[in-house]
Amino acid sequence: MENQVLTPHVYWAQRHRELYLRVELSDVQNPAISITENVLHFKAQGHGAKGDNVYEFHLEFLDLVKPEPVYKLTQRQVNITVQKKVSQWWERLTKQEKRPLFLAPDFDRWLDESDAEMELRAKEEERLNKLRIESQGSPETLTSLKKGYLFMYNLVQFLGFSWIFVNMTVRFFILGKESFYDTFHTLADMMYFCQMLSAVEMINAAIGVTKSPVMPSLIQLCGRNFILFIIFGTMEEMQNKAVVFFVFYSWSAIEIFRYPFYMLSCIDMDWKVLTWLRYTVWIPLYPLGCLAEAVSVIQSIPVFNETGRFSFTLPYPVKIKVRFSFFLQIYLILLFLGLYINFRHLYKQRRRRYGQKKKKVH
C-alpha cells in the first residue's frame, strides 16, 4: 500500500532580509526543497502528525525571494531560510490573503517590525565594529608587525655596518696603512646607504614606534650625516685622508653591537655578552669617534677656505664675506656638546641596566 501524501505543520517568522520556516517533521529522509517562480516546493519522507509518510506543501510568497533556499535537518524538524530580494517588512507570508491551514506563526522566533529593526541595527553595528577591528588590526597583530618591522630594520643595518667593519679590518691586515687613504672610495656607497637609512631610527622615535628619546637620535643622525655628506662627500681633498678610516671604523664598531642587541630584543632574546657589550663598548668608542670627527672638521677648514665652497657675501650695504669655515668652528663646539648629551643619555641607560646589581654587591 502506497504512503499517503500529507501536509506537515509549518511555522514561520520573518526579518527584514530573511524568512524562517520550521517544518514539524522528524527523521526526515531525502528532502526535496526548491523555489521556482517564487513558489517554495517541499517534499520529504518523515514522521509527522500522521505518522511516517511523505509530506509536501507549496507556498507562493507575497513578494520576490531569491531562488536558493537553505535548509538544515535536525532530529525533530526541518529549518528553512529564504532570502528576500528586497529588504523590507511583509504584512504576511503568502500571496493569497487567506492563511493556509497548515501554516502558523513561529512564536519562538517571532518579532514585530520595530523589534526586528532594532535587531537589524544591532547586527549592522556588530558587523561594522568587526570590520573596523579587522581594518585596524588587533593589538597582538600590530605588535607582531611592529616587532617584525623593527627586526628587519636592525638586521639590515647590522649587515651593512658589519660589511663595512669586516672590509676595513681585512684590508688593514692586508694593506696596512695604505688602506687608510682609499677608505672613502671603497666603502662610501655602503656608508651612504646605512646613514641615510638611519633616518628611520629618528622617525621611529618621533612617532612612538620605539621608546627611544628623539634628541639623541637626532643629534647622532645630523652629526654623522654632516661629516659624511658635507665634509667628506663634497670635498675630494678630504676623501683621501686617513681620518676617514678612523671615522668610519669608530662608527661601524659601535653599530655592530648596537643593532644585533635591538634585533634580539624584538624577539625577546637576551644574550648577556652582547648586552654587556652594547652598554659598555660605547664608553671608549664614542669619545674616539667624536675626536676623529673633530679632526676631520679641523682638517677641512683650510680646504674650504681655499676653495671658497659654501662661502657667501652678504648683500649691500654690508658686503661682508662669510666663510663656511666660520660655521665649521661653531660646529666643533656643537660636536662636543652633542657628545655630552649622548654620553649622558647612554650612561643613564647603562646605570638603569646595571646600577641595581652594583648596589647589591655593596
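Within any chain, residue numbers begin from 1 and follow the written order of that chain's sequence. Totals for whole chains, interfaces and linings use every residue, but because this is a predicted model, local features are given only for residues with pLDDT of at least 70 and side-chain atom pairs only at 80 or more, for both listing and counting. For the side-chain quantities, the full set of heavy atoms in the structure was used; hydrogens and water were omitted.

- Looking at an unreviewed UniProt entry, one finds the chain named Very-long-chain (3R)-3-hydroxyacyl-CoA dehydratase, with Enhydra lutris kenyoni as its source organism.
- As recorded by UniProt, the Subcellular location (unreviewed entry) comment attached to the chain reads in full: "Endoplasmic reticulum membrane".
- Turning to the chain, the UniProt annotation filed under Pathway (unreviewed entry) states: "Lipid metabolism; fatty acid biosynthesis." UniProt positions are given in the numbering used here, feature names are shortened, and annotations may be inferred rather than shown by experiment.

**Some words on the packing of helix 3 (residues 183–197) against helix 4 (residues 199–207)**
Part 1: Fitting a line to C-alpha atoms yields each axis, with helices limited to the stretch in contact; the angle taken between N-to-C directions then spans 0 to 180 degrees. Here a strand is any run of E in DSSP of at least two residues, a helix any run of H or I of at least four, and the numbering for each starts at the N terminus. Contact geometry of helix 3 with helix 4 gives a least axis separation of 4 Å together with a crossing angle of 5°. The orientation of helix 3 with respect to helix 4, classified from their angle, is roughly parallel. In contact with Q195, M196 and L197 of helix 3, helix 4 contributes A199, V200 and E201.
Part 2: In this classification, the charged set is Asp, Glu, Lys and Arg, the nonpolar set is Ala, Val, Leu, Ile, Met, Phe, Trp, Tyr, Cys and Pro, and all remaining amino acids, among them Gly, are polar. Looking at the contact of helix 3 with helix 4 residue by residue, the classes come out as four nonpolar, one polar and one charged. Throughout this description, any angle smaller than 35 degrees is read as roughly parallel, any larger than 145 degrees as roughly antiparallel, any in the 65 to 115 degree range as roughly perpendicular, and the remainder as oblique. Contacts are assigned to residue pairs with any non-hydrogen atoms lying within 4.5 Å of each other.

**Quick look at the pairing of strand 4 (residues 26–36)**
Part 1: Summarising the sheet, strand 4 and strand 5 (residues 39–48) pair through seven bridges and their orientation is antiparallel. Its bridge partner being in strand 5, A32 is matched across the sheet by K43. Here, strands pair whenever DSSP counts at least two bridges between them.

**Thoughts on the UniProt feature "transmembrane region" (unreviewed entry) in the chain**
Part 1: Those residues carrying the UniProt feature "transmembrane region" (unreviewed entry) are residues 150–170, 241–261, 281–304 and 324–343 in this numbering.
Part 2: Between the first and last C-alpha atoms of residues 324–343 the distance is 28 Å; the span itself is 100% helix and 0% strand.

**Considering the domain arrangement of the chain**
Part 1: Boundaries of every domain are those given by an automatic assignment or by a domain database. When cut into domains, the chain gives domain 1 (10–110) and domain 2 (139–354).
Part 2: Taking only C-alpha atoms, the centre of domain 1 and the centre of domain 2 are 76 Å apart.

**Brief notes about the nonpolar core**
Nonpolar side chains in soluble globular proteins generally cluster together in the buried interior.
Part 1: Throughout this description, the term nonpolar core refers to a set of buried Ala, Val, Leu, Ile, Met, Phe, Trp, Tyr and Cys residues connected via side-chain atoms within 4.5 Å. Think of it in three bands: residues with accessible area under 20% of the maximum for their type are buried, residues over 50% are exposed, and the middle band is partly exposed, with areas taken using a 1.4 Å probe on protein chains only. By size, the foremost hydrophobic cluster in this structure holds 46 residues, and its most contacted members are F184, I227, F232, V247 and F248.
Part 2: Listing elements by their share of this core, those giving two or more residues are helix 2 (139–175), helix 3, helix 5 (214–232), helix 7 (243–266), helix 9 (282–307) and helix 10 (324–361).
Part 3: If sequence neighbours within four positions are ignored, F184 has contacts with Y192, L228, F232, G233, Q239, V244 and F248.
Part 4: Counting residues in hydrophobic clusters, the runner-up holds 25 residues, among them W12, Y55, I80 and W90.

**With respect to helix 4**
Part 1: Taken together, the buried positions of helix 4 are occupied by E201, N204 and A205. Across the axial projection of helix 4, the buried residues extend over an arc of 95°, all falling on one side. Facing away from the buried side of helix 4 by over 90 degrees, the exposed positions are A206 and I207.
Part 2: Just beyond helix 4, the residue with positive phi is G208, at close to 90°. The arc refers to the directions leading from the helix axis to the C-beta atoms.

**Here's the deal with the state of the cysteines**
Part 1: To count as a disulfide, a pair of cysteine sulfur atoms needs to be within 2.5 Å. All told, the structure shown has zero disulfides when counted by the stated rule.
Part 2: Free cysteine: C194, not disulfide-bonded; nearest cysteine sulfur from C266 at 17 Å.
Part 3: With no disulfide partner, C290 has as its closest neighbouring cysteine sulfur the one in C222, 15 Å distant.

**As for the pattern of salt bridges**
A side chain with one charge may pair with a side chain of the opposite charge, provided their charged atoms come close.
Part 1: Basic side-chain nitrogens of Lys or Arg form a salt bridge, by our definition, when they fall within 4 Å of a carboxyl oxygen of Asp or Glu. Evaluated as defined, the whole model comprises twelve salt bridges.
Part 2: Salt-bridge contacts for E60 lead to K95; the nearest nitrogen and oxygen are separated by 3.8 Å. Of this pair, E60 sits in strand 6 (residues 51–60) while K95 sits in the loop between strand 8 (78–83) and strand 9 (103–105); the two residues are 35 residues apart in sequence, bridging distant segments of the chain.
Part 3: A salt bridge links E91 to R92; the shortest N-O distance between them is 2.7 Å.
Part 4: Sharing partners across several salt bridges, the network here consists of E201, R224, E255 and R258.

**Topic: unusual backbone geometry**
Part 1: In the Ramachandran plot, E37 falls in the positive-phi region, its phi being about 55° despite a non-glycine side chain.
Part 2: Topologically, E37 is positioned in the loop between strand 4 and strand 5.
Part 3: Owing to a relative accessible area of 77%, E37 belongs among the exposed residues under this scheme.

**Brief notes about the packing of aromatic side chains**
Part 1: Each Phe, Tyr or Trp ring (for Trp, its six-membered ring) is paired with any other whose centre lies within 6.5 Å, and the angle between the two planes then decides the class: stacked below 30 degrees, edge-to-face above 60, tilted in between. Under the criterion given, the structure shown has 30 aromatic pairs.
Part 2: Above the face of the Y259 ring, R258 is positioned so that its terminal group lies 4.6 Å from the ring centre.
Part 3: The criterion for a charge sitting over a ring is simple: Lys NZ or Arg CZ within 6 Å of the ring centre, and within 35 degrees of the ring normal. A cation sits over an aromatic face here: R278 above Y279, 4.9 Å from the ring centre.

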